[in-house]
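The chain contents come next:
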Protein chains: 2
Amino acid sequence: MAEPVLVVGSIGLDTVETPCGRADGVLGGSAVYFAAAAALFAPVRLVGVVGSDFPASARRRLESRPIDLSGLEEVQGGKTFRWHGRYSQDMNDRVTVSVELNVLGEFRPRLPEAFKKTRWAFLANGPTSTQQSVREQLPRGAFVAADTMDLWIEKERPGLLRLLRDIDCLILNDSEARMLTGRTSLWDAAREALRTGPKSVVVKKGEHGAYLAGRGGPCAVPAFPIAKLVDPTGAGDAFAGGFVGWLAREGSASPGALRRALGAATVVASFACESFGPERLLSARASEVRKRLSALRRLARF
Amino acid sequence: MAEPVLVVGSIGLDTVETPCGRADGVLGGSAVYFAAAAALFAPVRLVGVVGSDFPASARRRLESRPIDLSGLEEVQGGKTFRWHGRYSQDMNDRVTVSVELNVLGEFRPRLPEAFKKTRWAFLANGPTSTQQSVREQLPRGAFVAADTMDLWIEKERPGLLRLLRDIDCLILNDSEARMLTGRTSLWDAAREALRTGPKSVVVKKGEHGAYLAGRGGPCAVPAFPIAKLVDPTGAGDAFAGGFVGWLAREGSASPGALRRALGAATVVASFACESFGPERLLSARASEVRKRLSALRRLARF
């Protein structure tokens, strides 16, 4: 039995427009995508906040997988975080049409006692101070991965650099890696990011796959070719969920486990793109995951 | 002993400015980079044109490798093709400062009799009608790969589409693949390009590696991480040289050979970026190539 994985991040109700259509008020948020992905490999402990408008059906949908919602705080009378995004024709760009932080704006996560010894954790994108406070509630020896974004790199650099000294793995996308380090070449950027503290750095490159530098690296995995791209929202968080979930399943962050996790993360991210919301992730079967992992390994063999 | 490889393309004297420095009047051109790369694996038959200003030292430098220059036409009193390019700070963009076609403008390649039975060939970037005329001078059963560029995709599309029905492998970069097919996703673009005729399509993605679709595919190889990028000029032609040269060495265009060739091409392209002109390619040792191939395979293992 795999060890549990803890995630702290946003839970939201998203409205998404892509060239494939539009979805209104679907389940979203970084912690949701992470949880739906990680639950393919390990039990998940989700910590987040919603308002009293959060549908019971969404809760049930998450609980159809081994996702423990006892860390899900519900603010009575509050409203759940909402995001509305619109993708470009080629889905390589998106604009935020509107965002309402609502209860997420006041979120100060406190881990339930039963969660405080979790050995595998992910600090999803959010204010650096929030990530730092969660880090401090976890054991020193836990494997902790974190994400960040342009906003915090720009506005909270000192706090972010402090956090980076306290985590094991930084997972970020290509433009964030360049912004954090000022380096254009992504291998240079990954190596430079390692100097800030984490033992491993993962750079997500969208259709170009992902790099792992530092412990377990250098390793490059191509993206899994997606037959039908419906909505890329959450793919990055699903990637992180596949990555940390896989490590928890192996119960190891050895160099080999980290490389295998990179493959698992890539495959899991491909499911996230095939539906609006986390539906496809929540319906993926273990046999489908295994099949795509084999196909990905064949793709990368030369 | 590997079978010979024929290349027809430009031979020039380049002036190149990169953040690493400037080189004036160095040996360049698509056929030169291709030949220097392919000669790492197989004897090369180079067909091209120069003026009487072409230095004897450049000729000797090429002949230090198994490159047969008996198809190198010298126009008495003519001037060699010249190109002057300047790269951006991150070397992802470049501008052409000046270009003088000179004798290349009137080049109508005619293969020497001894070259007409070559079974492995590359039609480097050039006017589509010139590429077509070379294709017709080669045996029907030869393995013929070709490159193209934005100019011909825009201006000579009908001729290009005709050529594509007559070749085995199209090798082009990401932006050219998108321009040719109108598809943004590179796997979609590669699959669409296959419908124009070639059995295989290779998409070069610079720092993101390369894809092979069709026969031998799908296969994805990451770029070889370059320790010191000096000048990316010619990397795409060196890639093609490594690719076709490897096939000639194996004497096979089987699916497995095509995948191995993709790895060899990737490694060879890395040498091309480490000096101004083809110097680093012309000095690379077989043991260095083998070592990078092993490192590339380790990089791609997960």
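Definitions and limits used
Residue positions are given per chain, counted from 1 along the sequence in the order it is written. Each chain is given a letter, starting from A, and each ligand a number, starting from 1, according to the order in which they appear as written. It should be noted that, the model being predicted, local features are given only for residues of pLDDT at least 70 and side-chain atom pairs only at 80 or more, the latter also being counted only at that level, while totals for whole chains, interfaces and linings use all residues. Derived side-chain values reflect all non-hydrogen atoms in the structure, with water molecules and hydrogen atoms excluded from consideration. What pLDDT conveys is the predictor's confidence in a given residue, as a value from 0 to 100. The pairing criterion is simple: DSSP has to find at least two bridges between the two strands. To qualify as a helix, a DSSP run of H or I must reach at least 4 residues; to qualify as a strand, a run of E must reach at least 2; elements of each kind are numbered from the N terminus. Every axis in this analysis is a line fitted to C-alpha atoms, fitted for helices over the stretch in contact. Angles between the N-to-C directions lie between 0 and 180 degrees. Contact between two residues is taken to exist if any of their heavy atoms lie within 4.5 Å; hydrogens are not considered. As a working definition, buried area equals the accessible area (1.4 Å probe) given up by two parts on being put together, with both sides summed. By definition here, a salt bridge exists when the distance from a side-chain nitrogen of Lys or Arg to a carboxyl oxygen of Asp or Glu is within 4 Å. Take the residue count of a helix, subtract one, and multiply by 1.5 Å to get its expected span. Buried, partly exposed and exposed residues are distinguished by accessible area as a fraction of the type maximum, computed with a 1.4 Å probe on protein chains only: under 20%, between the cut-offs, and over 50%, respectively. Handedness of a crossover is defined as follows: with both strands directed away from the viewer, a clockwise route from the first strand across the helix to the second makes it right-handed. Geometric relationships in this document are graded by angle, where less than 35 degrees denotes roughly parallel, more than 145 denotes roughly antiparallel, 65 to 115 denotes roughly perpendicular, and other angles denote oblique. Left-handed describes a crossing in which the near helix is turned anticlockwise from the far one by less than a right angle; the clockwise case is right-handed. A residue counts toward the fit only if its pLDDT is at least 70 in both copies, and the copies are then superposed by least squares on the C-alpha atoms of those residues. As used in this structure description, the phrase polar contact means that two N or O atoms lie within 3.5 Å; if the pair is within protein, one of them must be able to donate a hydrogen and the other to accept it, and residues adjacent in sequence are counted only when both atoms belong to side chains. Only a pair of cysteine sulfur atoms within 2.5 Å qualifies as a disulfide here. Each pair of aromatic rings taken from Phe, Tyr and Trp, with Trp reduced to its six-membered ring, is defined by centres within 6.5 Å and is described as stacked if the planes are under 30 degrees apart, edge-to-face if over 60, and tilted in the remaining cases. In this scheme, Lys NZ or Arg CZ marks a charge over a ring once it lies within 6 Å of the ring centre and within 35 degrees of the ring normal.

1. Details of the confidence of the model for chain A
1) Next: Summing up the model confidence of chain A, the mean pLDDT is 96 and the portion of residues at 70 or higher is 100%.
2) Next: The complex model carries a pTM of 0.93, and its ipTM stands at 0.91.

2. Section: the sheet that holds strand E6 (residues 81-87) of chain A
All names here are of chain A.
1) Next: Read across the open sheet, the 4 strands follow the order E3-E2-E6-E7; overall the sheet is mixed. Strands with a single pairing partner mark the edges of an open sheet, and in this sheet they are strand E3 (21-28) and strand E7 (94-100). Averaged over all adjacent pairs, the angle separating strand axes in this sheet is 15°, with direction ignored.
2) Next: Across 6 bridges, E6 lies against E7 in antiparallel orientation. Among the inter-strand pairings, Arg82 is bridged to a residue of E7, identified as Glu100.

3. Side note on the interface of chain B and chain A
1) Next: If you look at the interface, chain B gives 27 residues, while chain A gives 27 residues.
2) Next: Across the interface of chain B and chain A, roughly 2,400 Å² is buried in total on both sides, 56% from carbon and sulfur atoms.
3) Next: When the buried surface of chain B facing chain A is broken down by residue, Glu207(B), His208(B) and Phe302(B) rank first, second and third, together holding 33% of it.
4) Next: At the junction of chain B with chain A, the criterion picks out 2 salt bridges.
5) Next: Glu207(B) is the partner of Arg178(A) in a salt bridge, and the nearest nitrogen-oxygen pair spans 2.9 Å.

4. Overview of helix H9 (residues 255-272) of chain A
1) Next: Compared with the 26 Å implied by 1.5 Å per residue over 18 residues, the 26 Å span of H9(A) between its first and last C-alpha is a close match.
2) Next: Burial runs high along H9(A): 15 of the 18 residues are buried.

5. Examining the pairing of strand E8 (residues 120-123) of chain B
All names here are of chain B.
1) Next: Burial along E8 is two-sided: Trp120 and Phe122 facing one way and Ala121 and Leu123 facing the other are all buried.
2) Next: Pairing geometry for strand E1 (residues 5-8) and E8, over 4 bridges, is parallel. If you follow Val7 over to E8, its bridge partner there is Phe122.
3) Next: In this region the chain leaves E8, passes through helix H3 (residues 128-137) and returns to the parallel neighbour strand E9 (residues 143-146); the handedness of that crossover is right-handed.

6. Overview of the packing of helix H8 (residues 235-250) of chain A against H9(A)
Residue and element names in this part refer to chain A.
1) Next: The interhelical angle for the contact between H8 and H9, taken along N-to-C directions, is 140°, at an axis separation of 7 Å. The orientation of H8 relative to H9 falls into the category oblique. Seen along the crossing, H8 lies across H9 with a hand that is right-handed. Across the interface between the two elements, Ala235, Ala238, Phe239, Gly242, Phe243, Trp246, Leu247 and Glu250 from H8 touch Ala257, Leu258, Arg260, Ala261, Leu262, Ala264, Ala265, Thr266, Val268, Ala269 and Ala272 from H9.

7. Quick notes on the sheet that holds strand E6 (residues 81-87) of chain B
Residue and element names in this part refer to chain B.
1) Next: Ordered by their spatial adjacency, 4 strands build an open sheet running E3-E2-E6-E7, and the pairing between neighbours is mixed. The open sheet terminates on both sides in strands that have one partner only, identified here as strand E3 (21-28) and strand E7 (94-100). Across the sheet, the axes of successive neighbouring strands diverge by a mean angle of 15°, strand direction being ignored.
2) Next: By the bridge criterion, 6 bridges tie strand E2 (residues 12-18) to E6 in an arrangement that is parallel. If you follow Gly12 over to E6, its bridge partner there is Phe81.

8. Looking at the pattern of salt bridges
1) Next: On inspection of all chains with the given rule, the structure shows 42 salt bridges over all chains.
2) Next: Glu17(B) serves as the salt-bridge partner of Arg86(B), at 3.2 Å between the closest nitrogen and oxygen. Pair noted here: Arg86(B) is in strand E6 and Glu17(B) is in strand E2, with a separation of 69 residues, a long-range link.
3) Next: Overlapping salt bridges, with partners in common, bring together Arg183(A), Asp188(A), Arg191(A), Glu192(A) and Arg195(A) in one network.

9. What about the relation of the copies chain B and chain A?
To go from the first copy of the chain to the second, apply a rotation about an axis and then a shift along the same axis.
1) Next: Mapping chain B onto chain A leaves a residual RMSD of 0.0 Å; the transformation is a rotation of 180° accompanied by 0.0 Å of translation along its axis. The superposition operator between the copies reduces to a two-fold rotation axis.
2) Next: Interface overlap between copies is the fraction of interface residues in one copy that are interface residues in the other; for chain B against chain A it reaches 100%, indicating a shared surface.

10. Describing the side chain of Thr196(B)
Residues and elements named next belong to chain B.
1) Next: Within the secondary structure layout, Thr196 lies in the loop between helix H7 (186-194) and strand E11 (200-204).
2) Next: In terms of polar contacts, Thr196 uses its side chain to reach the backbone carbonyl oxygen of Ala193, at 2.5 Å.
3) Next: In this structure Thr196 touches Leu161, Leu164 and Arg165, once residues within four positions along its chain are discounted.

11. Here's the deal with the state of the cysteines
1) Next: Under the counting rule described, the total for this entry stands at 0 disulfides over all chains.
2) Next: Summary of cysteine pairing: Cys20(A) is not part of a disulfide, and the nearest cysteine sulfur, belonging to Cys273(A), is at 11 Å.

12. Describing the packing of aromatic side chains
1) Next: Here the structure, examined in full by the defined rule, presents 8 aromatic pairs over all chains.
2) Next: With a centroid separation of 4.7 Å and 5° between ring planes, the pair formed by Phe34(B) and Phe122(B) is classed as stacked. One end of the pair, Phe34(B), is in helix H1 (residues 30-38); the other, Phe122(B), is in strand E8, and 88 residues separate them in sequence.
3) Next: With relative accessibility at 0%, the residue Phe34(B) sits in the buried group.
4) Next: A cation over an aromatic ring shows up here: Arg249(A) above the ring of Trp246(A), its NZ or CZ 4.5 Å from the ring centre.
5) Next: Taking NZ or CZ as reference, Arg292(A) lies 3.8 Å from the ring centre of Phe271(A), over its face.

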